[in-house]
Structure formats: structure tokens, C-alpha cells
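Report on the structure
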Amino acid sequence: MPQVTIERASQGPSHLDGKRSYDYLIVGAGFAGSVIAERLAEGLGQNILLIDRREHIGGNAYDHLDAAGVMVHRYGPHIFHTNAQRIVDYLSRFTQWRPYEHRVLARVDEHLLPIPINLTTLNTLFGLSMTEQEAEVFLAERAEHVALVRTSEDVVINQIGRELYEKFFRGYTRKQWGLDPSELDRSVTSRIPTRTNEDDRYFVDTFQMMPSQGYTRMFERMLDHPRIDLLLATDFASVRERVKYKQLIYCGPIDEYFNFCFGRLPYRSLRFQHETHRQPQFQPVAVVNYPNPSVPYTRITEYKHLTGQTHPLTSISYEFPCADGDPYYPIPRQENTDLYNRYKALADDTPGVTFLGRLATYKYYNMDQVVGQALALYQRIELKVGLDSPLHEEAVK
Ligand code: FAD
Ligand code: UDP
């Protein structure tokens, strides 16, 4: 079984003795940092020091066995889905997969209803037995035409009208983001389609599956490479002057890298309350959403549905959105994008550093998009190296 060698900065590891020199220092061992580390080590023979301030690899996709022996995702449910064959092919070098189609129910009034809204949702909620065609007419009659769809409110109102918006979207979004949907970019609620058929899958991507032994095991295999040294519980600030390296790839928050010189980019955080229950099953599907504003959490996840694990007990987590804490979600709003663009301009003028991943590029990306971003960066570096060896710092720009 492959095992990644892990050291911690506090132990004074040899990586920091100043004698060893790395081609790349990579900050952040989530998808972004781990994929680019593996590619540069394996594809271009580069020597890598990969660090993370957390005690573990995998970033927000980290999973582990809890005290009861149930596999859980420490930072909330992570479901892999993509349309990109090349991303599946790449990750399949490090994991096998278990087929899994994600289904979510929303607790609305006294019902547990499919979300995204579909024919079953509408018929159950309104006590009807419409056909698909009738449901289309039903929604068209409720939809309020919005001439210019700009916000997350516009998206939903324009598709399904105010009543369904209030029941399924407004409360959830206000809790999740601490903002009204009218204050959020349309991209946020655009993630959720509306259907008039009975398809109750959360995603319709070609590939929907979970790493069969979990994300962390997949990352262990990815990083099990003689040219990759890994330092955990190690903040960039504590090593930046102590390590010799030629290039830096930074996957942390971009505003933090620049000491918040233009002010803080807003991120939304979450508090997870993990619990184990003395019963084999807690709820009928992996995730139940709670759009009701009087409930303080947004959703409950039961992990055994995702992992397929058989266990006499079950573990769940509640998600309580909050302003302070680890930066999980960049908040898509024009004024935040404008602020990010100022940091981006500074980043473009900073030689020797490349910014990669959800936090460093301030994008609300899914895992497959971050893998795609890392693979694209690798291709640019590879191309540049092929054209122009030895490596120049412009290669990674
Ligand atoms: P991260 O995973 O955040 O990794 C960045 C790493 O950098 C972290 O480990 C951090 O500790 C480290 N770091 C930051 N700053 C420093 C520093 N100064 N020094 C050292 N280390 C540092 N995507 C999906 O595709 N499907 C899902 O179902 C899904 N569900 C999600 C649920 C939640 C609750 C959240 C928050 C996200 C979800 N995502 C999902 C998105 C997914 O988590 C991200 O796309 C992915 O993890 C981004 O990878 P990353 O490497 O860019 O960032
Ligand atoms: N959303 C909602 N009600 C739901 C599910 C989603 O209002 O029952 C909105 C909410 O604003 C959320 C966004 O749609 O942030 C995107 O949902 P998704 O499940 O993709 O969020 P994530 O998995 O990124 O937390």
C-alpha cells in the first residue's frame, strides 16, 4: 500500500535545512497543489516541496474514518462529477471508482421533496398529478419574465416564479451566503436546474462517481513519488524564507499572499457539526437540504450513502454557514470580482509565482474544474520547457 512520507515543520525536517533546493515550492495539498505536484514530478522530473498548513492532504476533499470507524468527509460532502473524459482518465491513475448518482431531498413544509425541482416535487407539493407537458405549462404560468437576468434571484424567478423561489431558494441562499439572492451573481443559483420530468439526480454529468477507497487514499497515491517531499502543519509564512526553490505555485487565498494590501476578499465559511448515531441509517438520501430560514443549518449529510460503507452505526454532519473561519467559498459578486482583479493584476506582475485553485483564483470551482485548471497549467509549463529549456519564470505565467 503506498504511503506518503509526511513531515511537519515543527519537527525541524531536513527539507528546511537550507541545503536542499527545490524546483518548485507548492503551497496547498488540495486538488490544485497535489495534481500540479504530481505532474511536475512525474512528467518533468522536477523536485517538489509540497506544504499545507493543515495536518492532512486532500484540502477540502479530505476524508477519513471517524471514531466509530465510519468514513466521513471532514469538510462536507464531496461528490465527483464531470463531463471531461481526460480528467477521469487522469484521476483513474490513482483510484478506482464506485458508481454513485447524487440525489438530494429538500425539507419543505411537511414534505421531503426532490431538489432540483422536478415533476415529483411539483406534484407532491401541490397535490397534483400533472404530466411533463402540464408541468411545463404550470411553471410557465408562474415564471416572472426578467428582461436582464443578472442576479441569483432573477435566475429563479424567471424560471419558476416567486412562490417556489421563496420555498426552495431564498431561505437557503440567505443562510448559505449571508446575502439575499438579489445580491449574488446569477452563477450561484444557475448551478441548480429546474426539470419537468422525473429525473431526480442532482447532477447530469456523464461521469458521476466516488473514489472507491476515498479521496485521501487517492491523494496518497498521487503524492507517493520520490521527487515529492510533503510537509504538513506548515504555513507558507513559516517557511518562505527557509526553503530554496526556483518557482512557487500558490494555492491559498490570493489576498492573504499579498498581505491583504487592497483589503480582504470575502469568503463564506462553514461550521460542521459531525455526529454518529446508533442506527444503520439516518435519512433516505445522502443530503437533505433545509431551505426553511428558521432552521439554522442548510443541510445534513449522511456519508454512508456516498461511500457505500456497511456499518451498524451511521455518521452525519450538519452545515452551519458563517462569516468567519476557514475560507471555503469565494463569494460571486461583481464588487468581489473587481477586488480580485486588482489582486490578479498584482499577481501577473509578480515573477516566479503562479496562483492556482479555488482560493488563489477566487473562483467557485468544483473539483473537476480545479483538476482541469492544474492540468492546463502543467501543459503550459511542459510546452514552455519543450520550447525553451532551462525553465524560465515566464513559463508558468
Ligand atoms: P482546497 O481544497 O481549499 O485546498 C487548498 C489548501 O491550501 C488547503 O488544504 C489549505 O489548508 C492550504 N493552504 C491555504 N493557504 C495556505 C498557506 N498559507 N500555507 C499552507 N497551506 C495553505 N466540488 C465538487 O466537485 N463536488 C462537490 O460535491 C463539492 N462539494 C463541496 C462542499 C463544500 C462544503 C465545499 C467547501 C466545497 C465543495 N466542492 C465540491 C469544491 C471543492 O472543495 C473544491 O473545488 C476543491 O477542493 C478545490 O481544491 P483547491 O486545491 O483549489 O483548494
Ligand atoms: N440552493 C438553494 N436551495 C437548495 C440548493 C441550492 O437555494 O436547496 C442555491 C444556494 O444558493 C446554493 C446554490 O444554489 O449556494 C448552489 O447549490 P449547490 O448545491 O451547487 O451548492 P454547493 O454544493 O456549492 O454548496
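As the structure is a prediction and not an experimental result, all values here were calculated from the model.

Considerations on helix 4 (residues 132-142)
Among the residues of helix 4, those classed as buried are Ala135, Phe138 and Leu139. All buried residues of helix 4 fall inside an arc of 90° around its axis, so they share one side. Across helix 4 from its buried face, at more than 90 degrees, point the exposed residues Gln133, Ala140 and Glu141. In this structure, the buried residues of helix 4 make contact with helix 3 (119-126) and helix 5 (152-177).

A closer look at the sheet that holds strand 15 (residues 299-302)
The strand order across the open sheet built from seven strands is 9-8-14-15-16-13-17, with neighbouring strands paired in mixed fashion. At either margin of the open sheet sits one strand with a lone partner, and together these are strand 9 (111-115) and strand 17 (329-330). Pairing between strand 8 (residues 104-108) and strand 14 (residues 287-289): three bridges, direction parallel. Bridging across to strand 14, Ala106 finds its partner in Asn289. Across the sheet, helix 3 lies against strand 8 and strand 9, angled at about 155° from strand 9, the strand it touches most.

Quick word on the site of ligand 2
Lining the immediate surroundings of ligand 2 are 15 residues, of which Thr173, Arg191, Tyr202, Tyr329 and Tyr364 lie closest. Phe169 is positioned with one of its backbone polar atoms (N or O) 3.2 Å from an oxygen atom of ligand 2. Taking Asn289, its side chain carries an N or O atom lying 2.9 Å from an oxygen atom of ligand 2. Isolated, ligand 2 exposes 520 Å² of accessible area, and the fraction of that covered by the protein chains is 94%. The leading source of residues in the shell around ligand 2 is helix 5, at six residues.

Considering the pairing of strand 13 (residues 267-277)
For strand 13 and strand 17, the ladder comprises two bridges, and the chain directions are antiparallel. Among the inter-strand pairings, Tyr267 is bridged to a residue of strand 17, identified as Pro330.

Quick look at the side chain of Arg195
Mapped onto the elements of the fold, Arg195 is located in the loop between helix 5 and strand 10 (207-211). Despite its burial, Arg195 remains without a salt bridge, the nearest opposite charge being carried by Asp199 at 4.0 Å. Within the structure, the side chain of Arg195 is placed 2.7 Å from the backbone oxygen of Arg201, a separation counted as a polar contact. Those residues in contact with Arg195 that lie beyond four places of it in its chain are Pro116, Ile117, Asn118, Leu119, Asp200, Arg201, Tyr202 and Val204.

What to know about the site of ligand 1
In the vicinity of ligand 1, 33 residues are found, and the nearest of them are Asp52, His78, Ile79, Tyr365 and Met367. A distance of 2.9 Å is found between an oxygen atom of ligand 1 and a backbone nitrogen or oxygen belonging to Ala32. Contacts to ligand 1 include Asp52, whose side-chain N or O atom sits 2.7 Å from an oxygen atom. Within the complex, 96% of the 1000 Å² of free accessible area of ligand 1 lies under protein. Listing elements by their share of the shell around ligand 1, those giving two or more residues are helix 1 (31-44) and helix 11 (367-387).

Quick look at the pattern of salt bridges
Under the defined criterion, the tally for this structure stands at 17 salt bridges. Residue Arg39 is joined to Glu38 by a salt bridge in which the shortest nitrogen-to-oxygen separation is 2.8 Å. Residue Arg39 shares its accessibility class with Glu38, and that shared class is buried. Note that Lys344 and Asp348 form a salt bridge whose closest N and O atoms lie 2.9 Å from each other. Of the two residues, Lys344 and Asp348 both sit in helix 10 (residues 334-348), four residues apart, roughly one turn of that helix. For Lys344, a relative accessible area of 34% corresponds to the partly exposed category.

Comments concerning the packing of aromatic side chains
Applying the stated criterion to the full structure yields 26 aromatic pairs. Both rings, one in Phe31 and one in Phe219, keep their centres 4.8 Å apart while their planes meet at 65°; by these two values the pair is edge-to-face. Taken together, the positions of Phe31 in helix 1 and Phe219 in helix 6 (residues 215-223) put the pair 188 residues apart, joining distant regions of the chain. On the accessibility criterion, Phe31 (8% relative accessible area) is buried.

Some thoughts on unusual backbone geometry
Most peptide bonds take the trans configuration, and most residues that are not glycine carry a negative phi. Residue Pro116 is reached from Ile115 by a cis peptide bond, and omega for that bond is 0°. Here Ala233, not a glycine, exhibits a phi torsion of approximately 50°, which is positive. Judged by relative accessible area, Ala233 falls into the partly exposed class, the value being 32%. The phi dihedral of Asn259 falls on the positive side, at around 50°, and the residue is not glycine. Summarising the element assignment, Asn259 is placed in the loop between helix 8 (254-257) and strand 13. The exposed category is assigned to Asn259, whose relative accessible area is 62%.

Some details on the state of the cysteines
For the structure shown, the criterion picks out zero disulfides. Among the cysteines around Cys261, which has no disulfide bond, Cys251 carries the closest sulfur, lying 19 Å off. Assessed through its relative accessible area of 44%, Cys261 is described here as partly exposed.

Rules of the game
Residues numbered from 1 in each chain as written. Chains lettered and ligands numbered in written order. Predicted model: local features only at pLDDT ≥ 70, side-chain atom pairs only at ≥ 80, totals over all residues. Heavy atoms only, no water. Buried < 20%, exposed > 50% of the residue type's maximum accessible area, 1.4 Å probe, protein only. Helix = DSSP H or I, 4+ residues; strand = E, 2+ residues; numbered from the N terminus. Arc of directions from axis to C-beta. Contact = heavy atoms within 4.5 Å. Pairing = 2+ DSSP bridges. Axes fitted to C-alpha atoms, helices over the stretch in contact; angles between N-to-C directions. Near = heavy atom within 4 Å. Polar contact = N/O pair within 3.5 Å; in protein donor to acceptor, adjacent residues only side chain to side chain. Areas by Shrake-Rupley, 256 points an atom, 1.4 Å probe, with all protein chains shown as cover. Lys, Arg positive; Asp, Glu negative; His and termini not counted. Salt bridge = Lys/Arg side-chain N within 4 Å of Asp/Glu carboxyl O. Phe/Tyr/Trp six-rings, centres within 6.5 Å; stacked < 30°, edge-to-face > 60°. Disulfide = S-S within 2.5 Å.

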